[in-house]
Amino acid sequence: MGPLITQDIIGGQWNFVIAFIIGIGFGFVLEQAGFSSSRKLAGVFYGYDFVVLRVFFVAAITATVGLLFFSYFDWIDLSLIYVNPIFLKSAIVGGVIMGLGFIIGGFCPGTSVCASAIGKIDAMFFLGGIFIGILLYGESFSLFKDLYYDKVPVDKMVFDALGISQGTFVLILILIALAAFYVTSLIEKKVDKVEY
Amino acid sequence: MENKSTKYMNPYLAGVLLGIVLLAAFFFAGRGLGASGAVKDTIATCVITVAPTHAENSSFFGKYTKKKESPMKAWLVYEMLGVLLGAIISGAIAGRFKLKIEHSPKISSRTRLIAAVAGGMLFGIGSQLGRGCTSGAALSGMASLSTAGFVSMLSIFGTAYIFAYIFRKLWI
């Protein structure tokens, strides 16, 4: 059955309407969870608030397990789902740069939009920074081009890359998440609370 | 000061809801969520409008000029407009609207703003090189069980943890 728009079950003209509605859900949940506060987000790196880890892990697993069940019931054709291509080197270097941006700026692009929406001035500056960064990247793309397209042969799906079955991987992922939830709850109790 | 932790949604519930939103994105549009891509489309539109010849000759913006439709007519642009509205609705319900610069008491507002711009710039560059940010590359990438998603997630969060000690004054 799904994905509905990809298969023209719902007309393409609805694509942007659905994007907008899904965006509302995305922004609403991020703000409700407290992702509009940079100091709450940064808590995950200092042990005083692990909301990022909890929301992020639960969301990824919910969607993954949902996709597997949808596929099992033939509600969705997983071969039509967009799977991010793997360019190992640029993914790592890009991730390192983003990680630095995260610990210095306190937001990521999505959360900075949420925080800007409720009046966080630091988030608006962060958002401005993203614009400058992407423009700089675009203007100096020739410097990044070789790294951007450098392709190391790696399996596209993570379970193939690790040489295990899809089901086993998802089970391990869930167990890691449960362990992480437990350990971080212990850390949170030990670390001094930060008022923000 | 009232206890702020009660004002936010339970993180596990929020995670399930976010997962359902993400699943809906896959079910309807066959793709995950994203954020940085919308900024890229906006910039491409600006560059094409302000300097069309420059854009055409650019190895980065050139691909946009070949398409008939404006880059603003993109899935992620509409999705991010929704994010803005969704956050406004949530902020209105929770009574969280307030113009403020949030920062650690150890740093000035000015330092916070400089760090915010610097962080944003790094995220801007990194998201282009890494083919997406925390939403598109890491979260959606993990949900679709792509190797790229897990590499991005480990790379982003691993780096932030490694450098957390150096930048601790910004936060604690």
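This part takes up the interface of chain A and chain B. In this assembly, 126 residues from chain A lie in contact with 119 residues from chain B. When chain A packs against chain B, the two sides together hide about 10,700 Å² of surface, and 76% of this comes from carbon and sulfur. Broken down residue by residue, the surface that chain A buries against chain B is led by A:Phe26, A:Phe56 and A:Met98, which jointly contribute 7%. Our enumeration of links across chain A and chain B arrives at three salt bridges. For A:Lys120, the salt bridge identified is with B:Glu102, shortest N-O distance 3.7 Å. In this assembly, chain A and chain B are joined by 43 residue pairs in polar contact (both at pLDDT 80 or more).

Working definition of a disulfide: a covalent bond connecting the sulfur atoms of two cysteines. What the rule picks out here adds up to zero disulfides over all chains. Free cysteine: B:Cys46, not disulfide-bonded; nearest cysteine sulfur from B:Cys133 at 18 Å. The class for B:Cys46 is partly exposed, based on a relative accessible area of 42%. A:Cys108 supplies the cysteine sulfur nearest to B:Cys133, a cysteine that is in no disulfide, at a spacing of 6.1 Å. Take B:Cys133: its relative accessible area is 1%, and that puts it in the buried class.

With an omega dihedral of -5°, the bond running from A:Gly2 to A:Pro3 counts as a cis peptide bond. Topologically, A:Pro3 is positioned in the segment before helix H1 (15-33). Phi is positive for A:Asp74, which is not a glycine, with a value near 65°. Take A:Asp74: it is sitting in the loop between helix H3 (51-72) and helix H4 (88-105). Here the phi dihedral of B:Leu145 falls at roughly 60°; this positive angle occurs in a residue that is not glycine. Relative to the helices and strands, B:Leu145 is located in the loop between helix H7 (134-143) and helix H8 (147-164).

This paragraph deals with the packing of aromatic side chains. One pass over the full model with this rule turns up 26 aromatic pairs over all chains. Seen in terms of ring centroids, A:Phe169 and B:Phe150 are 5.2 Å apart; in terms of plane orientation they differ by 90°. Their pairing is edge-to-face. Residue A:Phe169 is found in helix H9 (residues 166-190), and its partner B:Phe150 is found in helix H8; the two belong to separate chains. An identical accessibility class is assigned to A:Phe169 and B:Phe150; each is buried. Here the aromatic cluster, defined as three or more aromatic residues joined through ring pairs, consists of A:Phe45, A:Phe56, A:Phe102, A:Phe107, A:Phe126, B:Phe123, B:Phe157 and B:Tyr161.

Thresholds, definitions, all that
- Residues numbered from 1 in each chain as written.
- Chains lettered and ligands numbered in written order.
- Predicted model: local features only at pLDDT ≥ 70, side-chain atom pairs only at ≥ 80, totals over all residues.
- Heavy atoms only, no water.
- Contact = heavy atoms within 4.5 Å.
- Buried area = accessible area lost by both parts, 1.4 Å probe.
- Salt bridge = Lys/Arg side-chain N within 4 Å of Asp/Glu carboxyl O.
- Polar contact = N/O pair within 3.5 Å; in protein donor to acceptor, adjacent residues only side chain to side chain.
- Disulfide = S-S within 2.5 Å.
- Buried < 20%, exposed > 50% of the residue type's maximum accessible area, 1.4 Å probe, protein only.
- Helix = DSSP H or I, 4+ residues; strand = E, 2+ residues; numbered from the N terminus.
- Phe/Tyr/Trp six-rings, centres within 6.5 Å; stacked < 30°, edge-to-face > 60°.

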